[in-house]
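Per-entry structural report
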Amino acid sequence: MPETTDTLQGLDPAIRAFFDATNSEDTVAFLAAFAPAAVLNDWGRVFRGLDKIAEWNVAENIGVHSRIAVLGTCPATDGRGGLEVKIKVSGEGYNGGGSFVFTTAEGRITSVLIQG
């Protein structure tokens, strides 16, 4: 389920790159969206740094042909700042809804929290 250009229009470029790269299965662009010391937390499983995020990407994202539709955004309410993006995933791995909470700095993703 691809998202429309209008849905992605206002996103930070690094966050937009996360979704564009996932949906086009572009691993190089996907990893380029992250800061070197970024952290990805997938329902409590924590992946620190680009090497570990690359492993997650193979096992849980591009490697299982995920397609992520962006349904909407709002400021994160967890007290740490960032942007919450409501999503729907399809592919050969997880299929269903949820949200990603992103933080960025200097044009790169510094953290992603994946939650329901």
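The structure reproduced in this document is the subject of the present report. (Residues numbered from 1 in each chain as written. Predicted model: local features only at pLDDT ≥ 70, side-chain atom pairs only at ≥ 80, totals over all residues. Heavy atoms only, no water.)

Bridge count for strand E1 (residues 34-42) against strand E2 (residues 45-48) is four bridges, and the pairing is antiparallel. When the bridges of E2 are listed, Asp 42 appears paired with Arg 45. Once E1 ends, the chain turns through two residues before running back antiparallel as E2, passing Trp 43 with a positive phi of about 55°. (Pairing = 2+ DSSP bridges. Helix = DSSP H or I, 4+ residues; strand = E, 2+ residues; numbered from the N terminus.)

In the structure shown here, the tally under the stated rule is ten aromatic pairs. Between Phe 18 and Phe 34, the ring centres sit 6.1 Å apart and the planes meet at 65°, which makes this aromatic pair edge-to-face. Here Phe 34 lies in strand E1 and Phe 18 lies in helix H2 (residues 13-24), a separation of 16 residues in the sequence. Across this residue pair, the class does not change: Phe 18 and Phe 34 are buried. Taking the centre distance of 5.9 Å and the plane angle of 75° together, the rings of Phe 100 and Phe 102 count as edge-to-face. A relative accessible area of 1% means that Phe 102 is categorised as buried. Members of the aromatic cluster, each reached through a chain of ring pairs, are Phe 18, Phe 19, Phe 30, Phe 34, Trp 56, Phe 100 and Phe 102. (Phe/Tyr/Trp six-rings, centres within 6.5 Å; stacked < 30°, edge-to-face > 60°. Buried < 20%, exposed > 50% of the residue type's maximum accessible area, 1.4 Å probe, protein only.)

Okay, the sheet that holds strand E3 (residues 67-75) next. If you walk across this open sheet you meet the six strands as E2-E1-E6-E5-E4-E3, and the pairing is mixed. Either end of the sheet is taken by a strand with one partner, and the two such strands are E2 and E3. Averaged over all neighbouring strand pairs, the angle between strand axes comes to 20°, with direction disregarded. Across eight bridges, the pairing between E3 and strand E4 (residues 83-90) is antiparallel. Following the sheet pairing, Pro 75 is matched in E4 by Leu 83. Across the face of the sheet, H2 comes into contact with E1, E3, E4, strand E5 (96-105) and strand E6 (108-115) while running at roughly 165° to E3. Sheet strands in contact with helix H4 (residues 49-60) are E1, E2 and E6, and its direction is about 45° off that of E1. (Axes fitted to C-alpha atoms, helices over the stretch in contact; angles between N-to-C directions. Contact = heavy atoms within 4.5 Å.)

For the rest of this paragraph, the subject is the environment of Pro 75. Among the secondary structure elements, Pro 75 is positioned in strand E3. Judged by its relative accessible area of 62%, Pro 75 is exposed. Each C-alpha atom of the pair Pro 75 and Phe 102 lies 9.8 Å from the other, and the pair is 27 residues apart in sequence. Among all residues touching Pro 75, those that are not within four sequence positions of it are Gly 82, Leu 83 and Glu 84.

According to the stated counting rule, one finds six salt bridges in the structure shown. The shortest N-O distance in the salt bridge between Asp 20 and Arg 16 comes to 3.3 Å. With a gap of four residues between them, Asp 20 and Arg 16 both fall in helix H2, about one helical turn apart. Using a relative accessible area of 32% as the deciding quantity, one classes Asp 20 as partly exposed. Classification of Arg 16 by relative accessible area gives partly exposed; the value is 24%. (Salt bridge = Lys/Arg side-chain N within 4 Å of Asp/Glu carboxyl O.)

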